[in-house]
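# Notes for the structure review
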Amino acid sequence: MRIPVVARALLRSRSGLAGTVLVGVLVLSALVSLVWTPYDPTLARPQDGWLLPFSGGHVLGTDRLGRDELSQLLVGARATLLTAVLAAAVAAVVGLVLALTAVLVPRWIGAAVVQLTDVLIAFPVLLIAMILTAVYGGSTWTVVGAVGIGTGVNLARVARAEAGRVLNTDYVLAAHAAGSGTWRTVRKHLLPNIAPTLVVQLSLVLSVAVLAEAALSFLGFGAPAPAVSWGRMLHEQQQYIAARPLLVIWPGLAVAASVLGFNLLGDGLREAADARLRVREAADSRPQVREAAA
């Protein structure tokens, strides 16, 4: 899979382009928050509470404590992106370890790993988060661990199927016959061939992580105050939704746009990484080019 070819195919796809733009906005907001925010997002100024958008120098208004809504959204983007990326990294490690263990070890051990994976899949992310919170307390790392483990076992199922398919191909069997060791085969043949599938799955893990982080923070399992996150913003403003609905709409739209962006990016990556789809799209576009020339 050549990166320039995939990148061009991704940007030609409508879903891929839309997903890239939405994810780009999230990343840009997180980077901007590292060096600049209009106001201190944790600074409470009760005298400026409940300001409407574009009032008193606050573009999106303020909450009841006078905290700037735009500043909280920018810092919340940073917290959301950090949590999602770390959770995806944990999911990748968990998924790869379980998948490679299932296909490379003796069959009876692999069967036990498969059964363990099926059992872990039955545990939802929220339940894992509650268990980790009871042991370690609410924090960003609790959310990262819960989302990473919960999505990692699902990633393991997909990676195991792909790894089993690759290990049964002729070129891998030929590599074994030529004396290639197990880890050399994994490094040279297995990982490069399952990488496109893993990248697509990890983009979907990122969307799940964004939604799970917001839900867990909303329920009180995330980082404690004064940490800023979109889920905590929703939690704090839910009782004032009738009086100030915009304070709930902004973080809600941010969560929805981020989840949609990662999902669209995953769809675009799937289309771009599949050579058969690229060839089919190219074949479908040729008659249109000839008709336009005529």
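Note that the structure is a prediction, hence the values are computed from the model and not measured.

Let's shift gears to the packing of aromatic side chains. Any aromatic ring pair is given by two values, namely how distant the centres are and how the planes are angled relative to each other. As enumerated under the stated definition, the model contains one aromatic pair in all. Considering the side-chain rings of Trp 50 and Tyr 240, the 5.2 Å spacing of their centres and the 70 degrees angle between planes classify their relative orientation as edge-to-face. With Trp 50 in the loop between helix H2 (14–35) and helix H3 (69–104) and Tyr 240 in the loop between helix H9 (230–237) and helix H10 (246–273), this residue pair connects regions lying 190 residues apart in the sequence. On the basis of relative accessible area, Trp 50 is assigned to the partly exposed category, the value being 27%.

Moving on, we come to the pattern of salt bridges. Within the structure shown, the criterion is met by five salt bridges. The residue Asp 48 makes a salt bridge to Arg 45 at a minimum N-O spacing of 3.5 Å. Asp 48 sits in the buried class, given a relative accessible area of 18%. Taking relative accessible area as the criterion, Arg 45 reaches 35% and is therefore assigned partly exposed. Here Arg 165 ties to Glu 162 by a salt bridge, and the two come within 2.9 Å at their closest N and O atoms. Residue Arg 165 and its partner Glu 162 are both found in helix H6 (residues 140–167); the two are separated by three residues, about one turn of the helix. Taking relative accessible area as the criterion, Arg 165 reaches 45% and is therefore assigned partly exposed. Several salt bridges converge on common partners, so that one network encompasses Asp 63, Arg 67 and Glu 236.

All right, on to the packing of H2 against H10 then. Their axes nearest at 7 Å, the elements H2 and H10 cross at an angle of 140 degrees. Relative to H10, the element H2 lies oblique. For the pair H2 and H10, the crossing hand works out as left-handed. Residues Ser 15, Gly 16, Ala 18, Gly 19, Thr 20, Leu 22, Val 23 and Leu 26 of H2 lie in contact with H10, whose contacting residues are Ala 257, Ser 258, Leu 260, Gly 261, Phe 262, Leu 264, Leu 265, Asp 267, Gly 268 and Glu 271. Its residues assigned to classes, the contact of H2 with H10 shows nine nonpolar, seven polar and two charged.

It is worth spelling out the UniProt feature "transmembrane region" (unreviewed entry) in the protein at this point. UniProt marks residues 16–36, 81–105, 112–135, 194–221 and 241–266 with the feature "transmembrane region" (unreviewed entry), using the numbering shown here. Helix makes up 96% of residues 81–105 and strand 0%. Its end C-alpha atoms lie 36 Å apart. Segment residues 241–266 splits into 81% helix and 0% strand. End C-alpha atoms: 33 Å apart.

Our next topic: H6. Turn by turn, an α-helix covers 3.6 residues, leaving residues three or four places apart pointing in a common direction. Between its terminal C-alpha atoms H6 stretches 38 Å, which fits the 40 Å expected from 28 residues at 1.5 Å a residue. The sharpest bend along H6 measures roughly 25 degrees and falls at Gly 152.

Here the UniProt-annotated "domain: ABC transmembrane type-1" (unreviewed entry) positions come out as residues 77–266. Within the segment residues 77–266, helix and strand shares are 83% and 0% respectively, and the terminal C-alpha atoms sit 20 Å apart.

Time to look at the environment of Leu 70. Tracing the chain through its elements places Leu 70 in helix H3. Through-space distance from the C-alpha of Leu 70 to that of Pro 251 is 9.7 Å; in sequence the pair is 181 residues apart.

Quick notes on the rules
- Residues numbered from 1 in each chain as written.
- Predicted model: local features only at pLDDT ≥ 70, side-chain atom pairs only at ≥ 80, totals over all residues.
- Heavy atoms only, no water.
- Phe/Tyr/Trp six-rings, centres within 6.5 Å; stacked < 30°, edge-to-face > 60°.
- Helix = DSSP H or I, 4+ residues; strand = E, 2+ residues; numbered from the N terminus.
- Buried < 20%, exposed > 50% of the residue type's maximum accessible area, 1.4 Å probe, protein only.
- Salt bridge = Lys/Arg side-chain N within 4 Å of Asp/Glu carboxyl O.
- Axes fitted to C-alpha atoms, helices over the stretch in contact; angles between N-to-C directions.
- Parallel < 35°, antiparallel > 145°, perpendicular 65-115°, else oblique.
- Left-handed = near helix turned anticlockwise from the far one by under 90°.
- Contact = heavy atoms within 4.5 Å.
- Nonpolar A, V, L, I, M, F, W, Y, C, P; charged D, E, K, R; others polar.
- UniProt positions renumbered as here; feature names shortened; annotations may be inferred.
- Expected span 1.5 Å × (residues − 1).
- Bend = angle between axes of the 7 residues up to and from the residue.

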